[in-house]
Amino acid sequence: MSKTWRPATKLVHGGTLRSPYGETSEAIYLTQGFVYDTSEAAEARFKGEDDGFIYARFGSPTNAMFEQRMCLLEGAEDARATASGMAAVTAAIMCQVKAGDHIVAARALFGSCRWVVETLAPKYGVECTLVDGREIANWEAAVRPNTKVFFLESPTNPTLEVVDIAAVSRLANQIGAKVVVDNVFATPLFQNPLSLGAHVVVYSATKHIDGQGRCLGGIVLSSKDWIEENLRDYFRHTGPAMSPFNAWTLLKGVETLPLRVRQQTENAARIADFLAEHPKVAKVIYPGRKDHPQADIIARQMTGGSTLVCFELKGDKPAAFALQNALEIIRISNNLGDAKSLITHPATTTHKNLPEEARFEAGITGGTLRLSCGIEDSQDLLEDLDQALRSLA
C-alpha cells in the first residue's frame, strides 16, 4: 500500500485481504475457529510462531481488515476491534491498571464513561480523580505518585468542551502515565490524538464510522508494544471481540466516512450560526465558531469543526421537550454520528444517571440539547428547526 495515499483512498482500499476468489467487496468470515494442516502447524500457531488465526474471539480476517484500515487512518501501529464503544473504553482503561493505581479523568464525560472510572475501577482498588479538563493546572494538581492513566474526551459529550491533548500528554510523559483519548466527536478525520502525544485512542464505531444506524462496534488503537503489554491478554481472555459481520458492516461504513462527515459538518456549521442568532436560544457551543471558549486550542489540534452542535434554550426543560416534539425531520434519539439528524436531551437520557450537581458542573441544564447533524439538505434542517422554535411559547 502506498504511504502517500490520502485518508479517503485509505478508507476504500486500506488493509484489504482477498481470498483466492478475488472478490471486489471484502469477504465476511463467519467462522468460530480455524483448522490446521498438521499438528505441528497448530502448535506453531499457538506458540506465536505462525501469524495465522486461531479463534474468532482473538481475531478473524474480516476484523483484521477493519483494524488495519483504522490503523492507516489513525496513524496507529496496532488495534483491536471490540463489540461496542463502551467495550473499547473499558478495555483501554482497565487493561493497564491494577489495585493501588490512580486515574485522572476529565469530568466532562459520557455517562457510561464516568461510571467506568468512578464506579467500576474503584471496585478493583483503582482510585479516580475527576477534574475540569479545560485547564492543564487542574491535571497537574490531581497527579499522585501512583497516577497511571489520564482519560479524556475532546470535544466532550455533550457540551463540546475541548481539552489540550498535547499539554495533557506532555504532563503524562513527565510522570510515566498513559493518555487515553475518546476521539468520537472529532472523528479521525478532524483530530489525530496520537500525533498530539496521546498513547491510546478509542472510538465508538457505532457512531460516525458506521454512521447509518446499523450495528454496534468499538476499537482501541495504540502502539504494538502497548497492545502487546496491556491489551493482548485482556482482550484474549475477557472476550470483548467484535462480530465479523459487524466488522464487515463497518468496513463498508468507513468507505463513505469522508463524504458523510464533510456534509454533516457543513450542515452543523450552518445550523450553529442560525441558532446563535435566534432569540429563543440562550447559548450555542460549536467548535467551528470563533466564539467557542477554546477556539485557540481547536485551531492547534483540530482540522475541522464537528458534526455536532450543543445549544441551550431559554425556558429550560419544558422548552427543550417542546422543541424536540415539534421537529419533523430531525428525530429524537440518544445516538449520534448518523446519516440522519438526531437530537438528544442529555439531562434525561445520556447523562440522566449523573447527580444533578455533576450535570451542572458539566454545563448540562434542562435546556441543553445535543444536535447530531445528518446528511440531509441543510435548508430543510434549518426550516425544521425554525418552525419548531417558532412553535415555542
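Residues numbered from 1 in each chain as written. Predicted model: local features only at pLDDT ≥ 70, side-chain atom pairs only at ≥ 80, totals over all residues. Heavy atoms only, no water.

*Asks:* Please clarify how the nonpolar core should be interpreted in this entry.
*Replies:* Generally speaking, soluble globular proteins have nonpolar side chains that are buried together. Counting residues in hydrophobic clusters, the biggest one holds 32 residues, and the most contacted among them are F66, M70, Y203, I209, I219, L221 and L250. For this core, the secondary-structure elements that each account for two or more residues are α3 (61-74), β1 (78-82), β6 (200-204), β7 (218-222), α11 (244-255), α12 (257-276) and β9 (308-313). The biggest single contributor to this core is α3, with five residues. Grouped together as the second largest cluster of nonpolar side chains are 28 residues, I103, V202, W226 and A241 included. (Core = buried A, V, L, I, M, F, W, Y, C linked by side-chain atoms within 4.5 Å. Buried < 20%, exposed > 50% of the residue type's maximum accessible area, 1.4 Å probe, protein only. Helix = DSSP H or I, 4+ residues; strand = E, 2+ residues; numbered from the N terminus.)

*Asks:* Can you help me understand the packing of aromatic side chains in this one?
*Replies:* In this structure the tally under the stated criterion is four aromatic pairs. Geometrically, the ring pair formed by Y55 and F58 is edge-to-face, given 5.9 Å between the ring centres and 70° between the ring planes. For Y55, a relative accessible area of 38% translates into the label partly exposed. (Phe/Tyr/Trp six-rings, centres within 6.5 Å; stacked < 30°, edge-to-face > 60°.)

*Asks:* In this structure, what is going on with unusual backbone geometry? I would like to understand it.
*Replies:* With the exception of glycine, the majority of residues adopt a negative phi angle, and the majority of peptide bonds are in the trans configuration. At the junction of S154 and P155, the peptide bond is cis and its omega measures out at -10° in the coordinates. Within the secondary structure, P155 is located in the loop between β4 (147-153) and α7 (165-175). The residue after N157, namely P158, is reached through a cis peptide bond having omega 5°. Relative to the assigned elements, P158 resides in the loop between β4 and α7. The backbone of T187 shows a phi angle near 65°, a positive value even though the residue is not glycine.

*Asks:* Can you help me understand the pattern of salt bridges in this one?
*Replies:* Two side chains of opposite charge can pair, provided their charged atoms sit close to one another. Tallied over the entire structure, the rule returns 20 salt bridges. Two residues, E26 and K252, come together in a salt bridge whose shortest N-O distance is 2.9 Å. Note that E26 is positioned in the loop between α1 (7-13) and α2 (39-47) and K252 in helix α11, a separation of 226 residues in sequence. By relative accessible area, E26 is classed as buried at 6%. Among the ionic pairs, K252 bridges to E255, the shortest N-O distance being 2.9 Å. Of this pair, K252 and E255 both sit in helix α11, three residues apart, which is roughly one turn of the helix. One connected set of salt bridges, linked through shared partners, spans E26, R69, K252 and E255. (Salt bridge = Lys/Arg side-chain N within 4 Å of Asp/Glu carboxyl O.)

*Asks:* Quick question: what am I supposed to make of the packing of helix α4 (residues 85-94) against helix α5 (residues 111-123) here?
*Replies:* Relative placement of two packed helices is described by the angle separating their axes and the distance separating the axes. It is the contact of α4 with α5, at a shortest axis distance of 10 Å, that shows an interaxial angle of 40°. As α4 packs across α5, the resulting crossing turns out to be right-handed. Contact residues: α4 offers M86, V89, T90, I93 and M94, while α5 offers S112, C113, V116, V117, L120 and A121. Here the residues of the contact of α4 with α5 are counted per class, giving nine nonpolar, two polar and no charged. (Axes fitted to C-alpha atoms, helices over the stretch in contact; angles between N-to-C directions. Left-handed = near helix turned anticlockwise from the far one by under 90°. Contact = heavy atoms within 4.5 Å. Nonpolar A, V, L, I, M, F, W, Y, C, P; charged D, E, K, R; others polar.)

*Asks:* What's the story with the pairing of β9 in this structure? I'm lost.
*Replies:* Consecutive side chains along a regular strand alternate between the two faces of the sheet. Most of β9 is tucked away, with six of its six residues classed as buried. Side-chain alternation along β9 places L308, C310 and E312 on one buried face and V309, F311 and L313 on a second face that is also buried. With five bridges joining them, β9 and strand β12 (residues 368-372) adopt antiparallel strand pairing. By the bridge assignment, E312 is partnered in β12 with T368. (Pairing = 2+ DSSP bridges.)

*Asks:* Please explain the state of the cysteines as it appears in this structure.
*Replies:* The full count for this structure, using the stated rule, is zero disulfides. In this structure C128 is not part of a disulfide, and its nearest cysteine sulfur, from C113, lies 12 Å away. Between C215, a cysteine without a disulfide, and C71, which holds the nearest cysteine sulfur, the sulfur-to-sulfur distance is 18 Å. Judged by its relative accessible area of 11%, C215 falls in the buried class. (Disulfide = S-S within 2.5 Å.)

*Asks:* Would you mind going over the sheet that holds strand β3 (residues 127-131) with me for this structure?
*Replies:* The pairing of strands in a sheet comes from backbone hydrogen bonds and takes either a parallel or an antiparallel form. Spatially, the seven strands line up as an open sheet ordered β1-β7-β6-β5-β4-β2-β3, and their pairing is mixed. Each of the sheet's edge strands pairs with one partner strand only, and the pair in question is β1 and β3. Taken pair by pair, the neighbouring strands of this sheet meet at an average axis angle of 20°, ignoring direction. The pairing of strand β2 (residues 102-106) with β4 spans four bridges and is classified as parallel. Across the sheet, residue V104 finds its bridge partner in β4, namely F150. Along the sheet face, α7 touches β4 and β5 (178-182) and points at about 170° away from the line of β4.

*Asks:* Would you mind going over α12 with me for this structure?
*Replies:* Taking 1.5 Å per residue as the helical rise, α12 with its 20 residues ought to reach 28 Å, and the 28 Å between its terminal C-alpha atoms agrees with that figure. Residues of α12 that are buried: L257, P258, R260, V261, Q264, T265, N267, A268, I271, A272 and L275. (Expected span 1.5 Å × (residues − 1).)

*Asks:* Would you explain α5 in this entry?
*Replies:* Along an α-helix, residues three or four apart share an orientation, since each turn contains 3.6 residues. For α5, built from 13 residues, the straight-helix expectation of 18 Å at 1.5 Å per residue is met to within 8% by its first-to-last C-alpha distance of 18 Å. Maximum bend of α5: about 25°, positioned at V117. Listed as buried for α5 are G111, C113, R114, V116, V117, L120 and A121. Buried positions along α5 lie against α4, β2, β3, β4, β5 and α15 (356-361). (Bend = angle between axes of the 7 residues up to and from the residue.)

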